[in-house]
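Coordinate analysis (summary)
For reference, the chains in residue letters:
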Amino acid sequence: MKRGAVMSEMASEGRLIEACQRGDREAFHELFDAHKDRVWTIALRFTGDENSARDVTQQVFLKLFTNIAGFRHESNFKTWLYRLVANECMDEFRKNRRLIPLDFFRPAFSDGGDEDCGEVEINDWRQEPNQEERLARLEVSKAVLAALMKLKPKLRMAIVLKYFEDLSYEQMAEALGCSMGTVASRLNRGHKALARRLAHLKQ
Amino acid sequence: MNAPQARQSTAHRSTTMFWTHVNKRLSSYLHGELRPEESRRVAEHLMICRRCRDEYEEIKFGARLAARLSDDLARAQAPAALWSELEKMIDGAEAAPKRPLAARRPLKIALAGAAALALALVVFWFYPRSPRPAWDVTRIEGAPKIGSKTVGEAGKLRVGDWLVTDDSSRAEIRVGEIGQVQVDPGSRVRLVESKADEHRLALARGKMQAFIWAPPRQFYVDTPSAVAVDLGCAYTLEVGDDGQGLLSVVAGWVAFEWQGRESFVPAMAMCVTRPRFGPGTPYFSDASEDFQNALAIFDVAEKGSDARSNALQTTLAKSRKRDALTLWHLLARTDGDDRLRVYNRLAELIPPPPQVTPEAVMRGDHAALDMWWEKLELGSAEWWRIWKGPVPSQTK
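Because the structure is a prediction, the values reported are computed rather than measured.

1. A short note on the pattern of salt bridges
Residue and element names in this part refer to chain A.
- Applying the stated rule across the entire model yields 31 salt bridges over all chains.
- Linking Asp-91 and Arg-94 is a salt bridge whose minimum nitrogen-to-oxygen distance equals 2.7 Å. With Asp-91 and Arg-94 both in helix α4 (residues 77-95) and three residues apart, this pair spans about one turn of that helix.
- Owing to a relative accessible area of 31%, Asp-91 belongs among the partly exposed residues under this scheme.

What follows is the structure, encoded as C-alpha cells:
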C-alpha cells in the first residue's frame, strides 16, 4: 500500500474510533463494515459452522461497542480486535463442542446455483479450464478443511490466524496473549497434525 | 576469561548449537521468523541431522496444506442481516444500566483523538516495511556504481538496477535478511527479484561470492547459461565475457540448472556452465588435470563422436573413488554402451547395493540411482531430493 494511503487509512480509522467512543452509532456501523468480513472469516474458519460464526461475530462487535470507550490509542486496534475474536471463538468452543455440521462443505461444491450461502467461495476456480483439475483441488481443500476442524482449538486458531490473516508471530502472540515461543510451538504442532492426518495426499 | 578461553567457549557454544536438535524452531524457520544467525544454524543442522530433516519435511507439508486453504478460499462475506441483528443487541445492551459513555468526556476524547493521530504518524514513519524494496550495498573498495551513480559508502540496489564494479572496485550486497554477496572487480550484477521466497540476482559478467543462510531454494543467480540455486551454502560464481561460468562450492550444496539439465554440486566441488550446453558435469576440485580436461571435452563433444567416446574413456580411466560424484552424474548423461562403461567403472570404485542391478541402472531407474548415491557417502539423496524433486535427469 502506498505511504499516503497507509497514513490516510490510519488517520481515518483513528477518527472513526474516536467517533465511536463518543457514542456515534453511524461511525460504529462504518467500523463494523470495515471489519465484519475479517471477523466473520476467522469465526467461520475456526468454528466451521455458520450459526456459531454468527454468534461469535455478534458477540465480538457487541463487546467492541460496549468497551470501545476504554480502547487506548497506543494499542493497535486490529490486534485488539483479533484478541476479542480469538477469545470469543474459544468461549464458543467451550459452550458448544459440536461444531462441524454435515453441510459445512456444501457451498464449496456449489457451482454457482446458491450464491446466498456461498461463504466458502473458491477463488477463481470457475475460470480454470480443466474441470478434472478443479474437482481434484476441491477434494484436497475439503480434506484439509476437515483436518483443520479436528485440530485442538488452540492449534486451529494459530493456523487460522497465520494462514487466513497472514499475521506475524509477534502479532499472533499479542492477539493470543501468549509468547512468540508458544505461537511457534502451536504452529509446529498444528503443521504436524495436518501432515499426519493428510499423509495420504503426499505424492 | 582470557582471549583463548573466550574463543574456546565460543567455539564450544557454536559446536553445541550445530549438534542441538532444532525441531522446536522449524515452523519459525519456515516462516522466516528467526534471526539470520539462528536461521543459518538451523540450515546447517538440517544438513547433518536426518531426524530434524524428516520433521522439517513433515512441517513443510503441513504448512503447504494450510496455505492451500488461504489460496483456495476467498475471504468469507459476513451475512447482510448481521448489522440489523447486532443493532438490536446494542439497543438491548444500551437499555440496560451501564457506565457513563465516553461521549460525556469531550475534552478527554479530543486529547485521545489528537494522541491517536500523532501515534498514527509516528507508527507510519517508523513502521518497518516488508518486503524490503531494495537491498543494501556497501562499498568495500574503489568506486562501484549502481546504474550511473557511484556508491559512496553505502547505497540501495532496487529491482532492475545494475551494480557495476570496475577493475579496482568491490562491493557487498546484503541479500534481504538471508545472506550476503561480495561482488568482485570487473563485475555486472542486476537485482532481478526480491520477494519473501525468491531472491534473485543476475550475474552477467565477473565474479561473486555468496553466503546464504536461508532455507534452500530461496536464493538464485541467473547466468547466461545456467541458474545457480542455493541449497543452503557458500559458493563462488564466475562468468566470463563469453558467457561461460564456473561454480565453486565452499560449503553446503548448490544446484546448477538450465532447461532441464541439472548438476548438484557439493562442497569442494566445481561445475562449469557453457552457453548452448548448460551446466556441465560436476567434479571435485582436487581431481587430476587429465580427468578435468577429459570431462570438459565430454561435456561439449557431439553425441556419438569419437572425441566424446575418447574423453569418456579417459575420464573413467583417471577417476578415483572420490570421483564417484562425477561418475554418478555421468550415468544420467550417457546411454547405451557408454552408460554401461560408466556403470562398470563406478561399480569398481563403489560397488552398488545388491538391489541395484545393471538392468535398473541401464534403464535409468531413479530408485536404483538413489540407492547407489547413498553409498557414495556424499550425504543422503533424500535431503536434496526434498528440496528439488527428481534426480538429475537429462541427456544431451
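2. Here's the deal with the environment of Ala-53 of chain A
Residue and element names in this part refer to chain A.
- With respect to the element layout, Ala-53 can be found in helix α3 (residues 50-67).
- Sequence separation between Ala-53 and Val-39 is 14 residues, and the spatial gap between their C-alpha atoms is 8.8 Å.
- Sequence-distant contacts of Ala-53, that is, excluding residues within four places in its chain, are made with Trp-40, Ala-43, Leu-44 and Thr-47.

3. Digging into the packing of helix α2 (residues 25-47) of chain A against helix α7 (residues 153-165) of chain A
Residue and element names in this part refer to chain A.
- Across the interface, α2 lies against α7 with an axial gap of 10 Å and an inter-helix angle of 140°. As judged from the angle between their axes, α2 and α7 are oblique. Note that α2 runs across α7; the crossing there is right-handed. Where α2 abuts α7, its residues Arg-38, Ile-42, Arg-45 and Phe-46 lie against Pro-153, Arg-156, Met-157, Val-160, Leu-161, Phe-164 and Glu-165.

4. Some points on the nonpolar core
Residues and elements named next belong to chain B.
- The biggest cluster of nonpolar side chains holds 73 residues, and the ones touching the most others in it are Ile-173, Leu-201, Phe-219 and Tyr-235.
- If one sorts the elements of this core by residue count, helix α9 (residues 324-333) sits on top with six residues.
- With near-sequence residues (within four places) excluded, Ile-173 lies in contact with Trp-135, Asp-136, Val-137, Leu-157, Leu-163, Gly-179, Gln-180, Val-181, Val-183, Val-189 and Leu-201.

The rules behind the values
- Residues numbered from 1 in each chain as written.
- Chains lettered and ligands numbered in written order.
- Predicted model: local features only at pLDDT ≥ 70, side-chain atom pairs only at ≥ 80, totals over all residues.
- Heavy atoms only, no water.
- Salt bridge = Lys/Arg side-chain N within 4 Å of Asp/Glu carboxyl O.
- Helix = DSSP H or I, 4+ residues; strand = E, 2+ residues; numbered from the N terminus.
- Buried < 20%, exposed > 50% of the residue type's maximum accessible area, 1.4 Å probe, protein only.
- Contact = heavy atoms within 4.5 Å.
- Axes fitted to C-alpha atoms, helices over the stretch in contact; angles between N-to-C directions.
- Parallel < 35°, antiparallel > 145°, perpendicular 65-115°, else oblique.
- Left-handed = near helix turned anticlockwise from the far one by under 90°.
- Core = buried A, V, L, I, M, F, W, Y, C linked by side-chain atoms within 4.5 Å.

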